[in-house]
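Chains, contacts and geometry: an overview
Take a look at the letters that make up each chain.
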Amino acid sequence: MKPVPHATSLRRAPVQRRSAERLTRILDACAELLDEVGYDELSTRTVALRAGVPIGSVYRFFGNKRQMADALAQRNLERYTERVVERLKESRAGDWRAAMDAVLDEYLAMKRTAPGFSRVDFGNQIPVGSRQTEPNTRVADRLIGLLSAFLDRSPDESLHRVFLVAVESADSLVQLAFRLDPQGDEAIIAETRELLRAYLARVLDRTA
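Residues numbered from 1 in each chain as written. Predicted model: local features only at pLDDT ≥ 70, side-chain atom pairs only at ≥ 80, totals over all residues. Heavy atoms only, no water.

1. Regarding helix α8 (residues 157-180)
What counts, and what does not: Put simply, DSSP H or I for four residues or longer makes a helix, DSSP E for two residues or longer makes a strand, and each gets a number counted from the N terminus. Helix span, as expected, comes to 1.5 Å for every residue beyond the first. Each residue is placed in one exposure class: buried if its accessible area under a 1.4 Å probe, protein chains only, is under 20% of its type's maximum, exposed if it is over 50%, and partly exposed if it falls in between. Contacts are residue-level and defined by heavy atoms, with any inter-residue pair within 4.5 Å sufficient.
The terminal C-alpha atoms of α8 lie 35 Å apart, and with 24 residues this matches the ideal 34 Å at 1.5 Å per residue to within 8%. All buried positions along α8 are accounted for by Leu-159, Val-162, Phe-163, Ala-166, Val-167, Ala-170, Asp-171, Val-174, Gln-175, Ala-177 and Phe-178. Those residues of α8 hidden inside the fold are in contact with α5 (96-113), α7 (135-150) and α9 (186-204).

What follows is the structure in structure tokens.
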């Protein structure tokens, strides 16, 4: 079964397999409709119809479409994390350039292929809540958790700051690439990769 969002993003966490499968159908329908009609035209009722569930099933998990889209964003982050982890298994421990390529490449792959991702990704395309839950902070924190051991680096405040700057910079440039070309302007993506390598080398090429 595909992973579902962490319980804190839901009004009620699924306990039984049937309930988890229903939640997955709701989020899959949400993703499809985001691609078709966009966030402004999305509604809990249309999601329920597309998922083939009663509207009460949607409200069992979500109070409104904002919560539903945020849960989809969290699921996207879980799936993205899994993809990066799989890529890292092919890389030599400590090779930060390979890790950076995995982080960028898997994001681009999801941007191009995952339903609803271009509208929501990790929450950047929808209204956000408190500063602590900003999407790029979520991503930077997750990458620190994934990569600090791989890179043999202490996940201290300095590394958190470096990763947040890298994520914010890459996010802005990738959004530019996809504004210029629906599949991502390759020249802008290449420049993004070079920028990240130059910035991260300043910190990650130092001896531990």
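2. Details of the packing of helix α4 (residues 65-88) against α5
Each pair of packed helices can be described by the angle between their axes along with the distance between the axes. Rules: Angular values range over 0 to 180 degrees, each being the angle between N-to-C directions of two axes fitted as lines to C-alpha atoms, with helices fitted over their stretch in contact. Oblique is the label for any angle not covered by the other classes, which are roughly parallel (under 35 degrees), roughly antiparallel (over 145) and roughly perpendicular (65 to 115). Whether a crossing is left-handed or right-handed is set by the direction in which the near helix is turned from the far one by less than a right angle, anticlockwise for left-handed and clockwise for right-handed. When residues are grouped by polarity, Ala, Val, Leu, Ile, Met, Phe, Trp, Tyr, Cys and Pro land in nonpolar, Asp, Glu, Lys and Arg in charged, and all others, Gly among them, in polar.
Closest axis-to-axis distance for the α4/α5 pair is 9 Å, and the angle between their directions is 135°. Here α4 is positioned oblique relative to α5, judged by the angle of their axes. The handedness of the crossing between α4 and α5 is right-handed. Residues Asn-76, Arg-79, Tyr-80, Arg-83, Val-84, Arg-87 and Leu-88 of α4 touch α5, and the partners they reach there are Ala-99, Asp-101, Ala-102, Val-103, Asp-105, Glu-106, Tyr-107, Ala-109 and Met-110. Looking at the contact of α4 with α5, its residues break down into 9 nonpolar, 1 polar and 6 charged.

3. As for the nonpolar core
Our working definition: Among the buried residues, those of types Ala, Val, Leu, Ile, Met, Phe, Trp, Tyr and Cys that are joined through side-chain atoms within 4.5 Å form a nonpolar core.
Counting 36 residues, the largest nonpolar core has Tyr-80, Leu-143 and Leu-147 as the members making the most contacts within it. Per-element tally for this core: the top contributor is α8, with 9 residues. Leu-143 has contacts with Tyr-80, Val-103, Ser-148, Phe-163 and Val-167, leaving out every residue within four places of it along the chain. Membership of the second largest hydrophobic core comes to 24 residues, among which are Ile-26, Ala-31, Leu-33 and Ala-51.

4. Remarks on the packing of helix α1 (residues 17-37) against helix α2 (residues 44-51)
Viewed as axis vectors pointing N to C, α1 and α2 meet at an angle of 115°, and their least axial separation amounts to 8 Å. Where α1 crosses over α2, the handedness of that crossing is right-handed. Mapping the contact onto sequence places Arg-25, Ile-26, Ala-29, Cys-30, Glu-32, Leu-33 and Glu-36 in α1 and Thr-46, Val-47, Arg-50 and Ala-51 in α2.

5. What about the packing of aromatic side chains?
Selection criterion: Each Phe, Tyr or Trp ring, with Trp reduced to its six-membered ring, pairs with another whose centre is within 6.5 Å; inter-plane angles below 30 degrees give stacked pairs, above 60 give edge-to-face pairs, and intermediate values give tilted ones.
For the structure on display, the rule yields 6 aromatic pairs. Ring geometry for Tyr-80 and Tyr-107: centres 6.5 Å apart, planes at 90°, overall edge-to-face. Of this pair, Tyr-80 sits in helix α4 while Tyr-107 sits in helix α5; the two residues are 27 residues apart in sequence, bridging distant segments of the chain. A residue is classified by how much of its surface remains accessible, and Tyr-107, at 8% relative accessible area, is buried. Judged by centre distance (5.1 Å) and plane angle (50°), the ring pair of Tyr-80 and Phe-122 falls under tilted. Taken together, the positions of Tyr-80 in helix α4 and Phe-122 in the loop between α6 (117-120) and α7 put the pair 42 residues apart, joining distant regions of the chain.

6. With respect to the environment of Leu-151
Take Leu-151: it is sitting in the loop between α7 and α8. Overall, Leu-151 belongs to the buried group, its relative accessible area being 10%. For Leu-151 and Ala-99, which are 52 residues apart along the polypeptide, the C-alpha to C-alpha distance reads 8.7 Å. Excluding anything up to four places from it in sequence, Leu-151 contacts Gly-94, Asp-95, Trp-96, Phe-163 and Leu-204.

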